[in-house]
Amino acid sequence: MSALFTPFRINDVAFKNRIGMSPMCQYSSNNGVASDWHLVHLGSRAVGGVGLVMVECTAVSPGGRISQGCAGLWDQQHAEALTPIVDFMHRYGTVAGIQISHSGRKGSAATALEGGSHLDADDPNGWDTVGPTADAFDPDGTRLWKAPHALSVDEIEATQAQFVHSATLAANVGFDLLEVHCAHGYLLHSFLTPLVNTRDDAYGGDLRGRARFLLETVEKVRAVWPENRALSVRLSVHDFAEGGLDLDDTAQVGQWLKERGVDILDCSGGGAVPAARGAIGNRTAEQPGMAGELRAATGLPVMAVGAITDPHQADQLIASNTADIALLGREMMRDPHWALTAAKALGVDTRHVLAEQYGFFVG
Ligand SMILES: Cc1cc2nc3c(=O)[nH]c(=O)nc-3n(C[C@H](O)[C@H](O)[C@H](O)COP(=O)(O)O)c2cc1C
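Residues numbered from 1 in each chain as written. Predicted model: local features only at pLDDT ≥ 70, side-chain atom pairs only at ≥ 80, totals over all residues.

K.L.:
Tell me about the environment of Val33, and please be specific about residues and values.
P.N.:
Considering the arrangement of structural elements, one finds Val33 in the loop between strand S3 (19-21) and helix H1 (36-47). For the pair Val33 and Trp74, spaced 41 residues apart in the sequence, the C-alpha separation amounts to 9.8 Å. Leaving out residues up to four positions away in the same chain, Val33 has contacts with Gln77, His78 and Ala81. (Helix = DSSP H or I, 4+ residues; strand = E, 2+ residues; numbered from the N terminus. Contact = placed C-beta atoms within 7 Å.)

Printed below as a string of structure tokens:
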């Protein structure tokens, strides 16, 4: 048996293998409501034998979306659209995960398919953004980003309540794994990183102060998220920029998250400032190794992500105790049946990897 195809468990959540699809924005929602695209996009990876399928970053409020096409979970209509998709994923034995998020100062953008540039609030598709300070994401770049409104403490608490509401809806839908998005320069990460957060109140200053927004949010979310299900946080484990967060910082944050009941860390990188390339930039491939360092430093299970394409590479990440789950983003777009590809490459019995409608004939 290859390590990649061994089962894994967090609380009552049983993963049939260590393969996951990373959350990826699809720009296919209407007013945040999931569409038939989501059923096909997420459902086909479930049919393809993936152990964990993550729904894209899903906003806790309309202004928490990145673009008008982004997914949301702030209202019952969002929950109702997601329910049959989660039921479908469950039918094929996949753990259903969702990433809840607020875009912060990187919101009010065109979709990536339309260039991803900032849209002013007077654009019919734009809105006023928020952040830890009034500094824009890219004030000097060719793609001008408007200055956000610096959140007051009352507004921070109101945003945390939106995360809690979204988590409650996700629990009712039946998601098994909830992930709080604290990476890529979006709101929670923008508070955590010294590259962006220069506040001098209780939500700024040293690492503990900058982590306050995240830690309080996670505490409040954990209180409503069922104990027997899994709670994850996606971190940019390294800011990939001078003066930014490094692994020592994120190991400390990971420790604090562990104390608050987080079950697993999803280890991404970069995105806080234009100079910080990660996520899908030139330092992405460094992330899986960093996940291993965070795992060793915190004792928490981790998901590794970044330029994982080869089955032997993914298998080695699990076998070497670098990661507990290997997340694939773009490779899953290329090959929705990557789990079968991996099973063949690793000499694993392929009969039960795909859903039986396919597996019976081609497994
Ligand atoms: C189209 C696209 C959309 C993405 N959307 C998200 C997202 O919603 N949330 C997130 O945390 N990361 C997002 N990412 C980053 C991926 O989850 C993943 O971390 C990144 O692509 C690196 O993995 P890969 O090299 O396997 O593609 C996105 C990446 C792509 C290509």
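K.L.:
Give a detailed account of the environment of Val362, specifying residues and quantitative values.
P.N.:
Position of Val362 relative to the elements: it lies in helix H12 (residues 356-362). We classify Val362 as exposed; it has 11 C-beta atoms within 10 Å. A sequence separation of 22 residues divides Val362 from Leu340, and the C-alpha atoms of the two residues are 9.7 Å apart. (Buried ≥ 20, exposed ≤ 12 C-beta atoms within 10 Å, placed from the backbone.)

K.L.:
Account for the site of the ligand, with residues named and values stated.
P.N.:
Looking at the ligand, there are 23 residues lining it, with Ser22, Met24, Cys57, Gly329 and Arg330 nearest. Only strand S4 (52-59) and helix H10 (330-334) provide two or more residues apiece to the shell around the ligand. A breakdown of the residues in the shell around the ligand according to their chemical character gives 11 nonpolar, 8 polar and 4 charged. (Near = placed C-beta within 6 Å. Nonpolar A, V, L, I, M, F, W, Y, C, P; charged D, E, K, R; others polar.)

K.L.:
Tell me about unusual backbone geometry, and name the residues and values.
P.N.:
Phi at Tyr27 is positive, roughly 50°, even though this residue is not glycine. Position of Tyr27 relative to the elements: it lies in the loop between S3 and H1.

K.L.:
Could you give an account of H1, naming the residues involved and the relevant values?
P.N.:
Every α-helix carries 3.6 residues per turn, so stepping three or four residues along brings you back to the same face. Compared with the 16 Å implied by 1.5 Å per residue over 12 residues, the 16 Å span of H1 between its first and last C-alpha is a close match. All of the buried residues in H1 are His38, His41, Leu42, Gly43, Arg45, Ala46 and Val47. In the core, the buried residues of H1 are packed alongside S3, S4, helix H2 (76-91), H10 and H12. Immediately downstream of H1, the backbone of Gly49 shows phi near 90°, a positive value. (Expected span 1.5 Å × (residues − 1).)

K.L.:
Quick rundown of the pairing of strand S12 (residues 302-305)? Include the residues and the values.
P.N.:
Side chains on a regular strand alternate between the two faces of the sheet. Here S12 shows two buried faces, one formed by Val302 and Ala304 and the other by Met303 and Val305. As paired elements, strand S11 (residues 264-268) and S12 share 3 bridges and run parallel to each other. From the neighbouring strand, Asp266 faces S12, where its bridge partner is Met303. Here S12 runs beside strand S13 (residues 325-328); their pairing, made up of 3 bridges, is parallel. If you follow Val305 over to S13, its bridge partner there is Leu327. Viewed along the sheet, the connection from S12 through helix H9 (residues 311-319) into S13 turns out right-handed. (Pairing = 2+ DSSP bridges. Right-handed = clockwise from strand over helix to strand, strands pointing away.)

K.L.:
How would you summarise H9 if you had to cite specific residues and measurements?
P.N.:
Among the residues of H9, Pro311, Ala314, Asp315, Leu317 and Ile318 are the ones counted as buried. The arc that holds every buried residue of H9, seen down its axis, measures 155°, which confines them to one face. Along its buried surface, H9 packs onto helix H8 (287-298), S12, S13 and helix H11 (338-346). In the segment just after H9, Asn321 is the residue with positive phi, at about 60°. (Arc of directions from axis to C-beta.)

K.L.:
Can you break down the pairing of strand S10 (residues 230-236) residue by residue, with the values?
P.N.:
Most of S10 is tucked away, with 7 of its 7 residues classed as buried. Alternating positions in S10 separate into two faces, Ala230, Ser232, Arg234 and Ser236 on one and Leu231, Val233 and Leu235 on the other, with burial throughout. Looking at chain direction, strand S9 (residues 177-182) and S10 are connected through 6 bridges and run parallel. When the bridges of S10 are listed, Cys182 appears paired with Leu235.

K.L.:
Summarise the nonpolar core; cite the residues concerned and give the values.
P.N.:
Core analysis: the largest hydrophobic core is formed by 101 residues, its most contacted members being Cys267, Ala304 and Ala326. Within the second largest apolar cluster, 6 residues are counted, among which are Leu195, Phe240, Ala272 and Ala276. (Core = buried A, V, L, I, M, F, W, Y, C linked by C-beta atoms within 7 Å.)

K.L.:
Now, about the packing of H1 against H2: what can you tell me, with residues and values included?
P.N.:
Contact geometry for H1 and H2: axes closest at 9 Å, N-to-C directions at 15°. By the angle between their axes, H1 is roughly parallel relative to H2. Crossing of H1 against H2: the hand is right-handed. Taken together, the residues of H2 that come into contact with H1 (itself represented by His38, Leu39, Leu42, Gly43 and Ala46) are Ile85, Phe88 and Met89. Residue classes in the contact of H1 with H2 are distributed as 6 nonpolar, 2 polar and no charged. (Axes fitted to C-alpha atoms, helices over the stretch in contact; angles between N-to-C directions. Parallel < 35°, antiparallel > 145°, perpendicular 65-115°, else oblique. Left-handed = near helix turned anticlockwise from the far one by under 90°.)

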